[in-house]
Amino acid sequence: YLRVLRVIIKFAESGASSAPLLLSNSLGQFGWPFLEAISQQIHQHEIILNGVLGVQEQLLRSTPELLASQFGATIQNCVTVFEKSKNAKILSFFTSAVEAYGAQESNSFQLLLTHISNTFFQYISSEKAAHDCTNLVEAYFDMCQRNLLFCTAAKVICEVLSSIAS
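Residues numbered from 1 in each chain as written. Predicted model: local features only at pLDDT ≥ 70, side-chain atom pairs only at ≥ 80, totals over all residues. Heavy atoms only, no water.

A. Focus on the overall build of the protein. The secondary structure content of the protein amounts to 10 helices and zero strands. The 166 residues of the protein split such that 42% are buried. Looking at the protein alone, contacts between residues at least 24 apart form 70% of all its contacts between residues at least 6 apart. (Helix = DSSP H or I, 4+ residues; strand = E, 2+ residues; numbered from the N terminus. Buried < 20%, exposed > 50% of the residue type's maximum accessible area, 1.4 Å probe, protein only. Contact = heavy atoms within 4.5 Å.)

B. Representation of the environment of lysine 86. Counting through the fold element by element, lysine 86 comes out in the loop between helix 5 (71-85) and helix 6 (88-101). Residue classification places lysine 86 among the buried residues on the basis of a relative accessible area of 16%. Placed 50 residues apart in sequence, lysine 86 and leucine 136 show a C-alpha to C-alpha distance of 7.5 Å. Excluding residues within four positions of it along the chain, lysine 86 makes contact with Val81, Thr119, Tyr123 and Leu136. Separated by 2.5 Å, the side chain of lysine 86 and the backbone oxygen of glutamate 83 make a polar contact. (Polar contact = N/O pair within 3.5 Å; in protein donor to acceptor, adjacent residues only side chain to side chain.)

C. Layout of the packing of helix 6 against helix 8 (residues 134-150). Here helix 6 crosses helix 8 at 10 degrees, and the two axes come no closer than 8 Å. Accordingly, the angle class assigned to the pair helix 6 and helix 8 is roughly parallel. For the pair formed by helix 6 and helix 8, the contact residues are Ala88, Leu91, Phe94, Thr95, Val98 and Glu99 on the first element and Asn135, Leu136, Ala139, Tyr140, Asp142, Met143, Arg146, Asn147 and Phe150 on the second. In terms of residue class, the contact of helix 6 with helix 8 is built from nine nonpolar, three polar and three charged. (Axes fitted to C-alpha atoms, helices over the stretch in contact; angles between N-to-C directions. Parallel < 35°, antiparallel > 145°, perpendicular 65-115°, else oblique. Nonpolar A, V, L, I, M, F, W, Y, C, P; charged D, E, K, R; others polar.)

D. Representation of the packing of helix 5 against helix 6 in the model. The contact between helix 5 and helix 6 brings their axes to 10 Å, and the two run at 155 degrees. On the basis of their axis angle, the class for helix 5 and helix 6 is roughly antiparallel. In this structure, the crossing between helix 5 and helix 6 has a hand that is left-handed. Note on element contacts: helix 6 touches helix 5 through Ile90, Leu91, Phe93, Phe94, Ala97 and Tyr101, opposite Phe71, Thr74, Ile75, Cys78, Val79, Val81, Phe82 and Ser85. For the contact of helix 5 with helix 6, the class distribution of residues is 12 nonpolar, two polar and no charged. (Left-handed = near helix turned anticlockwise from the far one by under 90°.)

Geometric values such as these leave the question of function open.
Structure, rendered in structure tokens:
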């Protein structure tokens, strides 16, 4: 079903008519809370979680204005799931979020980048070596790159990254 939702959203993005846009807006408005609730419950099932996060990310990219009011709760939900699962797809979601909201939410992204960096570096230094989780490492640095491009203040102020650069 998650693949079907992604196809529907992709069709809505094409802009062939106003009906798909309405459908995409409805999915964003009514489906978003459901997707968030699912992601909290299935964090240990990586394949399903990746599907749910893929749909959320696609909705975020196609209708960011509809999801702006839920931004804080969504980010908190994803942080909680990331802390439990260390799933690289969540970092991909953060990458899309910084592209959509980086300019308006720079303070939030400063806090997010600091927290995610601390969690990430703690994980690769004590639980799993970086060479054993290359997808996670790649997703982390992609997220840092997007922060640098779309929310420069977040990268500059993040203490963990400043200490690495020096």
